[in-house]
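Here is how the chains run, residue by residue.
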Amino acid sequence: MKEVFLNVRENTELAKGIVKMKLYCSSLPEFTPGQFVNLSVGNFDGVLLRRPISVYKFNAAESTFEIIFEVKGKGTTFLSRLKGGNIPATLFLGNGFELGANVKKVALIGGGLGCPPLYSVIEKYKASGVKFYTYLGFSSESKAICVDDFSKASEKLTVTTDDGSLGEKNFITNAFKKDIFAVNPDVVLACGPTPMFKALKALNTGIPTFISTEARMGCGIGACYVCTCATLTGNRRVCTDGPVFNLKEVIL
Ligand code: FES
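Attention shifts here to the sheet that holds strand β15 (residues 244–246). Spatial ordering of the open sheet is given by β10-β9-β8-β7-β11-β12-β15, a layout of seven strands whose pairing is mixed. Two strands in the sheet have a free side with no partner beyond their single neighbour: β10 (168–169) and β15. The pairing of strand β11 (residues 187–191) with strand β12 (residues 209–212) spans four bridges and is parallel. Paired with A190 across the bridge in β12 is I211.

One ladder, built from six bridges, connects strand β1 (residues 2–15) with strand β6 (residues 84–93); its direction is antiparallel. Considered in β6, the bridge of V4 is made with A89. Relative to strand β2 (residues 18–24), β1 is paired through seven bridges, and the arrangement is antiparallel. Counted as the bridge partner of V8 is L23 from β2. Hairpin connection between β1 and β2: a loop of two residues separates the two successive antiparallel strands, and G17 in this loop has a positive phi of roughly 75 degrees.

Before going further, it helps to spend a moment on the packing of helix α4 (residues 172–183) against helix α5 (residues 194–203). Between α4 and α5, the shortest axis-to-axis distance is 9 Å and the interhelical angle comes to 25 degrees. Judged by the angle between their axes, α4 and α5 are roughly parallel. Relative to α5, α4 is oriented so that their crossing is right-handed. In contact with I172, T173, F176, K177 and I180 of α4, α5 contributes M196, A199, L200 and L203. Here the residues of the contact of α4 with α5 sort into seven nonpolar, one polar and one charged.

With that settled, the discussion passes to helix α2 (residues 116–125). With eight of its ten residues buried, α2 lies for the most part within the structure. Residues of α2 that are buried sit in contact with β4 (51–59), β5 (64–70), β7 (105–111), β8 (131–138), α3 (147–153) and β11.

What follows concerns the domain arrangement of the chain. The domain boundaries assigned to the chain delineate domain 1 (2–93), domain 2 (105–203) and domain 3 (213–252). The straight-line distance from the C-alpha centre of domain 1 to that of domain 3 is 22 Å. On the side of domain 3, seven residues touch domain 1, which itself brings six residues to the contact. Between domain 1 and domain 3, a total of about 550 Å² is buried, with carbon and sulfur atoms accounting for 65% of that surface. Considering only the side of domain 1, the residues that lose the most area to domain 3 are F36, L49 and L93, jointly responsible for 53% of the buried surface there.

With that out of the way, let us pick up unusual backbone geometry. Cis geometry is found at the peptide bond from G242 to P243, where omega equals 10 degrees. Tracing the backbone shows P243 in the loop between β14 (234–237) and β15. If you check the backbone angles, S63 has positive phi at about 60 degrees while not being a glycine. Position of S63 among the secondary structure elements: in the loop between β4 and β5. Although it is not a glycine, N184 adopts a positive phi angle of roughly 50 degrees. With respect to the element layout, N184 can be found in the loop between α4 and β11.

Okay, the pairing of β4 next. Across four bridges, strand β3 (residues 36–39) lies against β4 in antiparallel orientation. Within β4, the position partnered with N38 by the bridge is P52. Pairing geometry for β4 and β5, over four bridges, is antiparallel. Across the sheet, residue K57 finds its bridge partner in β5, namely E66.

Turning to the packing of aromatic side chains, a few remarks are in order. Counted by the stated rule, this structure contains seven aromatic pairs. Ring geometry for F58 versus F92: centroids 5.8 Å apart, planes at 75 degrees, classification edge-to-face. Here F58 is found in strand β4, whereas its partner F92 is found in strand β6, with 34 residues between them in sequence. In this structure F58 comes out as partly exposed when scored by relative accessible area, which is 23%. Judged by centre distance (5.4 Å) and plane angle (90 degrees), the ring pair of Y119 and F150 falls under edge-to-face. Within this pair, whereas Y119 is found in helix α2, its partner F150 is found in helix α3, the two being separated by 31 residues in sequence. In this pair, the class of Y119 matches that of F150, namely buried. Three or more aromatic residues joined by ring pairs make a cluster, and in this case those are F31, F58, F65 and F92.

So, how was this worked out
- Residues numbered from 1 in each chain as written.
- Predicted model: local features only at pLDDT ≥ 70, side-chain atom pairs only at ≥ 80, totals over all residues.
- Heavy atoms only, no water.
- Pairing = 2+ DSSP bridges.
- Helix = DSSP H or I, 4+ residues; strand = E, 2+ residues; numbered from the N terminus.
- Axes fitted to C-alpha atoms, helices over the stretch in contact; angles between N-to-C directions.
- Parallel < 35°, antiparallel > 145°, perpendicular 65-115°, else oblique.
- Left-handed = near helix turned anticlockwise from the far one by under 90°.
- Contact = heavy atoms within 4.5 Å.
- Nonpolar A, V, L, I, M, F, W, Y, C, P; charged D, E, K, R; others polar.
- Buried < 20%, exposed > 50% of the residue type's maximum accessible area, 1.4 Å probe, protein only.
- Domains from an automatic or database assignment.
- Buried area = accessible area lost by both parts, 1.4 Å probe.
- Phe/Tyr/Trp six-rings, centres within 6.5 Å; stacked < 30°, edge-to-face > 60°.

Encoded structure:
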């Protein structure tokens, strides 16, 4: 965890109301896929709390990383307009996804804005020969993001939408269910909304499954207990104990 200042290199709208930002840091700390950053929005229009946002891509050689977020309040509106500048931020927070040396096949399951952080897992492990089977679900084609990147990097990509405007009209967990035995992944990694996690749990696959959860955050560093989630071993802090948890331990 490190306090830094970030420079906005790119700020582009990927889909309606969804923005991708490329950020430069002169001394980028080490990064584990699935970790997040906490970005200051200054004191924009009375907004003080930092915004926790997951990392999409990480480039140590360039000393840059990319994030994707939805513009839905004062803080994210402020961020979506930034160019250049020196944004105070805390990098990188949380535990992230770690793959054991015996993991050769991974199923990635993303829902909406939960898709981008899964790409950082591919970036880290693809060079080690790990194969990725990716399942991305969106509400509609107008909200679909990162599809080309996942398509190029995955053995197989399946996309579903709620309205059928892109890919199959289905829930992404149903599409994954049809492939479970054919793909037979060593591990499943998922990031998305709670109903998606519930559907995944209901599949009862027996495959080790890790989910990146989302929670409202205050401090982002484990001090305020705003972000707790219920697990079989008691309440845990999403910002420091997570955001990645074993699905079978989380009470949804
Ligand atoms: S946000 Fe403060 S403890 Fe997690």
